[in-house]
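If you want the building blocks of each chain, they are given just below.
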Amino acid sequence: RKQVGKVTTSCKSFDELLGGGMETQAIVELYGEFGCGKTQVAHQLAVNIQLPVEMGGLNGSVIIIDTENTFRPERIDQMVKGLPPAPDGRIWETEDFLKNINVARAFNSNHQILLAESAMDLAEKVKDSERPVRLLIVDSVTAHFRAEYVGRGTLADRQQKLNKHLHDLMRFGDLNNALILVTNQVMSKPDTFFGDPTKPVGGHVLGHTSTFRLYLRKSKGEKRIARLVDSPNLPDGEAVFSVTTDGLKD
Ligand code: GTP
Ligand code: MG
């Protein structure tokens, strides 16, 4: 087992909540209502993973499986411009960041599963390069499954497929010493399957596979609250951070 790496969220309290940042060889699940900031956190991590270690990065590259077409290069540009200065005085160039972000659009759940498999091949190719893949984002991991499997009779089928997919992701994280960051919406109205509107989609399968589960919610203005839920080795707790034009900030 390789040594676990940690990536900064750009926010002190958020990093502290996570015991120093988001870990590699782990699945981090961000869940919460629409607009709570899941995709924003994912964009920030796609930038931060590329930073040098002394700035909280892992000199890595990124694969994004984008199921909702919400990846925005312009947002990466804003976040790069919002980065603290480099220790060696060099100027951050957005192009240098964008070229290390491989975005694949997933059209349905089967396609999403296939993309996770081909991510493995891509990562294998750059494994011994200067920029190994240290982050795999699936935003959203559950949306297609939720849309496609409707009705009680299909629940077991959905959970089985989702379960296999999550195990593929976990394997990716282990083999590549990568962080797996997935997003998941909470149900805005009671779900026929699980009933409880505060519970994330995917139920217990996702719950048991994720290493860290973070419940995000809106607070005043730019402020967001992240709550760490059911972590195996960290105390439950909350952190407040802001989503600003420059990206995530304290
Ligand atoms: P769903 O995918 O719909 O479930 O939502 P989400 O949790 O992914 O929300 P997302 O991360 O897209 O957050 C949207 C919110 O982030 C907006 O309401 C804004 O508050 C903030 N945001 C998004 N883009 C920008 C931006 O360019 N500048 C600033 N300052 N804030 C932004
Ligand atoms: Mg989103």
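Residues numbered from 1 in each chain as written. Chains lettered and ligands numbered in written order. Predicted model: local features only at pLDDT ≥ 70, side-chain atom pairs only at ≥ 80, totals over all residues.

As recorded in an unreviewed UniProt entry, the chain goes by DNA repair and recombination protein RadA and comes from Methanothrix soehngenii. As its UniProt record puts it under Function (unreviewed entry), the chain is described as follows: "Involved in DNA repair and in homologous recombination. Binds and assemble on single-stranded DNA to form a nucleoprotein filament. Hydrolyzes ATP in a ssDNA-dependent manner and promotes DNA strand exchange between homologous DNA molecules." Per UniProt, the chain carries the Sequence similarities (unreviewed entry) text "Belongs to the eukaryotic RecA-like protein family." (UniProt positions renumbered as here; feature names shortened; annotations may be inferred.)

Chemist: I'd like a rundown of the packing of helix α5 (residues 109-126) against helix α7 (residues 155-176), residues and numbers included.
Modeler: Where α5 meets α7, the axes come as close as 10 Å, and the angle between the chain directions of the two elements is 15 degrees. Relative to α7, the element α5 lies roughly parallel. For the element pair α5 and α7, the recorded crossing hand is left-handed. Here α5 contributes Ser109, Ile113, Ala116, Glu117, Ala119, Met120 and Ala123 to the contact with α7, which in turn contributes Lys161, His165, Asp168, Leu169, Phe172 and Asn176. (Axes fitted to C-alpha atoms, helices over the stretch in contact; angles between N-to-C directions. Helix = DSSP H or I, 4+ residues; strand = E, 2+ residues; numbered from the N terminus. Parallel < 35°, antiparallel > 145°, perpendicular 65-115°, else oblique. Left-handed = near helix turned anticlockwise from the far one by under 90°. Contact = placed C-beta atoms within 7 Å.)

Chemist: Summarise the sheet that holds strand β6 (residues 133-139); cite the residues concerned and give the values.
Modeler: Taking strand neighbours across the sheet as the criterion, the 9 strands line up as β5-β4-β6-β7-β3-β8-β9-β10-β11 in an open arrangement whose pairing is mixed. On the outer flanks of this sheet lie β5 (101-105) and β11 (247-249), each paired with one strand and no other. Averaged over neighbouring strand pairs, the angle between their axes works out to 25 degrees when direction is ignored. Strand direction decides the pairing type here: strand β4 (residues 61-66) and β5, joined by 5 bridges, are parallel. Paired with Asp66 across the two strands is Arg105, which belongs to β5. Where α5 meets the sheet, it contacts β4, β5 and β6, and its direction lies at approximately 170 degrees from that of β4. Here α7 sits on the sheet and contacts β3 (26-32), β6 and β7 (179-185); the angle it forms with β7, its principal contact strand, is near 155 degrees. (Pairing = 2+ DSSP bridges.)

Chemist: Can you tell me about unusual backbone geometry, naming the residues and giving the values?
Modeler: Note the cis peptide between Asp139 and Ser140, where omega equals 0 degrees. Along the chain, Ser140 falls in the loop between β6 and α6 (143-148). The backbone phi angle of Ser10 is positive, close to 80 degrees, even though this residue is not glycine. On the basis of neighbour counts, which here come to 28 C-beta atoms within 10 Å, the residue Ser10 falls in the buried class. Positive phi values are uncommon outside glycine, yet Asn177 reaches one of about 50 degrees. Inspection of the secondary structure assignment puts Asn177 in the loop between α7 and β7. (Buried ≥ 20, exposed ≤ 12 C-beta atoms within 10 Å, placed from the backbone.)

Chemist: Quick rundown of α7? Include the residues and the values.
Modeler: When the terminal C-alpha atoms of α7 are compared, their 31 Å separation across 22 residues agrees well with the 32 Å that a helix rising 1.5 Å per residue should span. Those residues of α7 not exposed but buried are Arg158, Leu162, His165, Leu166, Leu169, Phe172, Gly173 and Asn176. One side of α7 holds all its buried residues, which, seen down the axis, span an arc of 105 degrees. Exposed side chains of α7 directed beyond 90 degrees from the buried face belong to Ala156, Asp157, Gln160 and His167. Just past α7, the residue Asn177 takes up positive phi, approximately 50 degrees. (Expected span 1.5 Å × (residues − 1). Arc of directions from axis to C-beta.)

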